[in-house]
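What follows is each chain in one-letter form.
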Amino acid sequence: MANVELTSLAKLPTLSKLRKLELSDNIISGGLEVLAERCPNLTYLNLSGNKIKDLGTVEALQNLKNLKSLDLFNCEITNLEDYRDSIFELLQQITYLDGFDQEDNEAPDSEDDDDEEGDEGDDDEDEDEAGPPGEYEEEDDEDDGGSDLGEGEEEEEVEGGDEEEEEGVRGEKRKRDPEDEGEEEDD
């Protein structure tokens, strides 16, 4: 529920199994006690870009016993003196605040990687339909020099030439090799 002009969590449903909640870039300034009541198993909470100003507001998160990562970046509370030390002292269950632990070590991106891998899986399926993905990586690297290859490098020339001459017909590469060689002899 990021960037949806949310001002209150009062109508948040009970989501007892929810572990990750994104509430960034809203207008939330309080009422965080609702989270412990309705989402008791949260491990990751992003409240960055909200109107959270003081430690009293964040104190309600003490009841989120499983909370490991809290993000308050771009909230007014981050301007308080000793902000980081105060939050780590107040919420002793958290390991990461604004993406860093108490020793300023960056949090691993394991949660983000899972999301990205899911997205990449869709892309891989498209490439598999057209042919092996390894071929396309080579083509992309040879965009600007594929047509200048010598006769001894026919396979690379065909791959580079295919992309320039007929974009989008990638699945037919292997069938067209003999034709391309015949065209070279005619030239």
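Before reading on, note that the structure itself is shown above.
Residues numbered from 1 in each chain as written. Predicted model: local features only at pLDDT ≥ 70, side-chain atom pairs only at ≥ 80, totals over all residues. Heavy atoms only, no water.

Draft legend 1. Highlighting the overall build of the protein chain. Along its length, the protein chain carries seven helices and four strands. Ordered by position from N to C terminus, the α and β elements of the protein chain give β-α-β-α-β-α-β-α-α-α-α. Taken across its 187 residues, the protein chain has 33% of its residues classed as buried. For the protein chain, the share of sequence-separated contacts (at least 6 apart) that also reach a separation of at least 24 residues comes to 47%. Counting every atom, the protein chain has about 11,800 Å² of accessible surface; 40% of that belongs to carbon and sulfur. (Helix = DSSP H or I, 4+ residues; strand = E, 2+ residues; numbered from the N terminus. Buried < 20%, exposed > 50% of the residue type's maximum accessible area, 1.4 Å probe, protein only. Contact = heavy atoms within 4.5 Å. Areas by Shrake-Rupley, 256 points an atom, 1.4 Å probe, with all protein chains shown as cover.)

Draft legend 2. Fine view of unusual backbone geometry. Located in the positive-phi region is N74, a residue other than glycine, with phi close to 65 degrees. Among the secondary structure elements, N74 is positioned in the loop between β3 (69–71) and α3 (83–90). Judged by its relative accessible area of 54%, N74 falls in the exposed class. Positive phi, close to 65 degrees, is recorded for D104, a residue that is not glycine. Note on D104: relative accessible area 53%, which makes it exposed.

Draft legend 3. Spotlight on a negative patch on the surface. A cluster of acidic residues, E81, D82, D85 and E89, forms a negative patch at the surface. When you line up the elements, E81 lands in the loop between β3 and α3. (Patch = residues over 30% accessible without salt bridge, like charges linked within 9 Å, V, L, I, M, F, W, Y side chains within 5 Å. Salt bridge = Lys/Arg side-chain N within 4 Å of Asp/Glu carboxyl O. Lys, Arg positive; Asp, Glu negative; His and termini not counted. Charge placed at Lys NZ, Arg CZ, Asp CG, Glu CD.)

Draft legend 4. Examining the nonpolar core more closely. Of all hydrophobic cores here, the largest spans 31 residues; its most connected members are L35, L45, V58, L61, L70, L72 and I87. Contributing elements (two or more residues each) for this core: α1 (33–38) and α3. The dominant element in this core, judged by the number of residues it contributes, is α3, at four residues. (Core = buried A, V, L, I, M, F, W, Y, C linked by side-chain atoms within 4.5 Å.)

Draft legend 5. Focus on the sheet that holds strand β2 (residues 44–46). Strands sit in the order β1-β2-β3-β4 across an open sheet of four strands; the sheet is parallel. The two strands at the open ends of the sheet, each matched to only one other strand, are β1 (20–22) and β4 (96–97). Bridge count between β2 and β3: three bridges; the pairing is parallel. Within β3, the position partnered with Y44 by the bridge is S69. (Pairing = 2+ DSSP bridges.)

Draft legend 6. Spotlight on the packing of aromatic side chains. Per the counting criterion, the structure on display carries zero aromatic pairs. Over the ring of Y44 we find K20, and its NZ or CZ is 5.2 Å from the ring centre. (Phe/Tyr/Trp six-rings, centres within 6.5 Å; stacked < 30°, edge-to-face > 60°. Lys NZ or Arg CZ within 6 Å of the ring centre and 35° of its normal.)

Draft legend 7. Examining the environment of L90 more closely. With respect to the helices, strands and loops of the structure, L90 is situated in helix α3. Separated by 32 residues in the primary sequence, L90 and V58 place their C-alpha atoms 8.4 Å from one another. Setting aside residues no more than four positions away along its own chain, L90 makes contact with L55, V58, E59 and Q62.

Draft legend 8. Representation of the environment of A60 within the structure. Position of A60 relative to the elements: it lies in the loop between α2 (55–59) and β3. Overall, the relative accessible area of 13% leaves A60 in the buried class. C-alpha of A60 to C-alpha of A36: the two residues are 24 residues apart in sequence and 7.8 Å apart in space. Excluding anything up to four places from it in sequence, A60 contacts L32 and E33.

Draft legend 9. Focus on α3. Listed in full, the buried residues belonging to α3 are Y83, I87, F88 and L90. Relative to the axis of α3, the buried residues are bounded by an arc of 165 degrees and lie together on one face. Among the exposed residues of α3, those oriented more than 90 degrees off its buried face are D85 and E89. Close packing links the buried residues of α3 with α2, β3 and β4. (Arc of directions from axis to C-beta.)

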